[in-house]
Amino acid sequence: MAADTHETRTANRGDLVFQRLIVVGAVVMVVLLAAIALELTRESRLSLSASGVRFLGSTAWDPVKELFGGLPFIYGTLVSSFLALLVAVPVSLGVAIFLVELAPSWLRGPVGFMVELLAALPSVVYGLWGIFVLVPWLRGGVEPALARSLGFLPFFSGPSQGFGMLAGGLVLSIMILPTIASVSREVLRAVPNWLREGALALGTTRWEMIRGTVLPFARSGIIGAVILGLGRALGETMAVTMVIGNRPKIAASLFAPGYTMASVIANEYTEATGDLHLSALAEIGLLLFAVTLALNALARLLVWRVSRVAVQGSRR
Amino acid sequence: MNSRKNSVDRIALPGRRKITDLVVRTLCLVATLLALVPLLSLLQFVIVRGAGGLSWDLLTQLPRPVGEPGGGMANAIVGTLVLVGLASCVGIPLGITTGIYLAEYGHTRTARVVRFSADVLSGVPSIIVGMFVYGLMVVTMKRFSAVAGGVALAILMLPTVARSTEELLKLVPTSLREAALALGVPRWRATLRVVLRTAAPGIATGVMLAVARAAGETAPLLFTALNSRFWPTSLDRPIASLPVQIFTYAISPYEEWHRQAWAAALVLVALVLILNVAARFFVRHRTDAR
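(A) Seen up close, the interface of chain A and chain B. In this complex, chain A contributes 84 residues to the contact, which on the side of chain B involves 89 residues. Here chain A and chain B share an interface that buries about 7800 Å² over both sides, 79% of which is from carbon and sulfur atoms. Our count for the contact surface shared by chain A and chain B stands at one salt bridge. Note that Glu208 of chain A and Arg17 of chain B form a salt bridge whose closest N and O atoms lie 2.8 Å from each other. Partitioned by chemical class, the residues of the side of chain A that touches chain B number 56 nonpolar, 18 polar and ten charged.

(B) Focus on the pattern of salt bridges. Residue and element names in this part refer to chain B. Taken as a whole and judged by the stated rule, the model has 15 salt bridges over all chains. With a closest N to O distance of 2.8 Å, Arg163 and Asp119 form a salt bridge. Of this pair, Arg163 sits in helix α7 (residues 146–171) while Asp119 is found in helix α5 (residues 109–121), placing the two residues 44 residues apart along the sequence. The exposure class assigned to Arg163 is buried, which follows from its relative accessible area of 17%. Residues Arg163 and Glu167 are paired through a salt bridge, measuring 3.6 Å at the closest nitrogen-oxygen approach. Of this pair, Arg163 and Glu167 both sit in helix α7, four residues apart, which is roughly one turn of the helix.

(C) Examining the packing of helix α1 (residues 13–43) of chain A against α7 of chain B more closely. At their nearest, the axes of α1 of chain A and α7 of chain B sit 11 Å apart, and the two run at 135° to each other. Considered as vectors, α1 of chain A and α7 of chain B are oriented oblique to each other. Along this stretch, α1 of chain A crosses α7 of chain B, giving a crossing that reads as left-handed. Contacts between α1 of chain A and α7 of chain B involve Val28, Met29 and Leu32 of chain A on the former and, on the latter, Ile155, Leu158, Pro159 and Ala162 of chain B. Taken together, the residues of the contact of α1 of chain A with α7 of chain B break down into seven nonpolar, no polar and no charged.

Criteria and thresholds
Residues numbered from 1 in each chain as written. Chains lettered and ligands numbered in written order. Predicted model: local features only at pLDDT ≥ 70, side-chain atom pairs only at ≥ 80, totals over all residues. Heavy atoms only, no water. Contact = heavy atoms within 4.5 Å. Buried area = accessible area lost by both parts, 1.4 Å probe. Salt bridge = Lys/Arg side-chain N within 4 Å of Asp/Glu carboxyl O. Nonpolar A, V, L, I, M, F, W, Y, C, P; charged D, E, K, R; others polar. Helix = DSSP H or I, 4+ residues; strand = E, 2+ residues; numbered from the N terminus. Buried < 20%, exposed > 50% of the residue type's maximum accessible area, 1.4 Å probe, protein only. Axes fitted to C-alpha atoms, helices over the stretch in contact; angles between N-to-C directions. Parallel < 35°, antiparallel > 145°, perpendicular 65-115°, else oblique. Left-handed = near helix turned anticlockwise from the far one by under 90°.

Everything listed here is a matter of geometry and, on its own, says nothing about what the molecule does.
Here's what the structure looks like:
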């Protein structure tokens, strides 16, 4: 950094050694990422050559007959994550706006801490809570009520089973809420104050100010936050595995059990009997890795863009 | 939306604008309250049910076979400490090193790639890291082991530690670096003894959050550390851990195991909360000192 201007380090041997050591340490990160990609590709080679792209479109999953199709898991992951976003995005945006724009300052710290605590609790504890609190509540109260009022829709038909897609989606929504809320909060904080002051000086109400200046400025960052949340939802394993029912079938009803990519890996990876089974699971893992990688890269770029524009804007 | 905002005649309706404002403010408040409901419900259940199942035996005894009452999960508590300890030995030094690199030598193209990798790695699902370590260590060593579990947790800690260290080192004023260098201290000593030391409380915070996170991870341990019903004897053997034990007991059909799962959850949540609150305390302490 600024120390570069003092060319003292040329004379010092210790500095050279130190710098080399540190670079080696840092490069581990890049090597790890590459190694994960390589390892997963190597493990899934068998499945890739056996069924290739057809794997993604096939719904048959029967390890005994050596039939492996990934579609039920891809479907389960997509639907549960979509449900999670549907619930978590409006709520977490509300939380972020409340924390940055509306709450009195004494409330911001404690409430922000509590929301972050939600992210700190272990996934398996959410699963435990899901099994013994959320699922009975869904089975006994929410699902029958939904079936009565909206039962004509295919999503809300069929018996209330508790363990199913709806439970999985709801648990996920709770778990990604803090991610979306805290990243959005950072993004909203990066919006320069003169924009707010300008809008308020024109006589807008607080909401008009937020809608007219803050949200448009922060838009790409908020999209980034949502994508980060999506990435987390796609890869979340334990809590979902514990409540989603784990049945590799595609069903229209959200009350019916489903299965996700991460869950099938968690349940079957150590117990896979055949090489092809193991390889098929690795292929699911590879797909999951590739998708979360792409989503994260995209999200980081979007969030970075807001903070960079904000910095430039305040210097102007 | 925009057309309504731009049309002038609406501005003549201050009442409606005020009402909209009030409605949206209320919605934001409701959203915040809604977000806290699961947290409070979860904590309530963990505390009430967990306290019901908590006993001295749970903390000091080995698990008993199904059907026999009593028994505990002392081996899982020790196992979690061992796994987190192993992970910390690898993850913390490497993470801090990476953080120093990013903050102090962070303007090269390599640094940008490292920073990006750290961000992306922190978004990789933990179960994928488990699969990776399984292929890397479990298959080659031909057995599940505590070491493999520790490595998996270390990989998960690494990006968090690195990025938070970087952010905190960047907050150290340049004048401190310059002062040290002006006294003729070589740059590496200035970095370690002045810059790193100044940022130490903040870095400790980041480390504690990463450790708390690692302590609760379950998915990567399923393929690496597996589980065990005995005291840990050797690092190249399978080892029990609290999260895996909670998972196993929670999905079992036995009432007694459910009770123990809640108690174990209370122990785990207490551990995570203590680390989080302590981390919070460090930050506050630091800002007060300024």
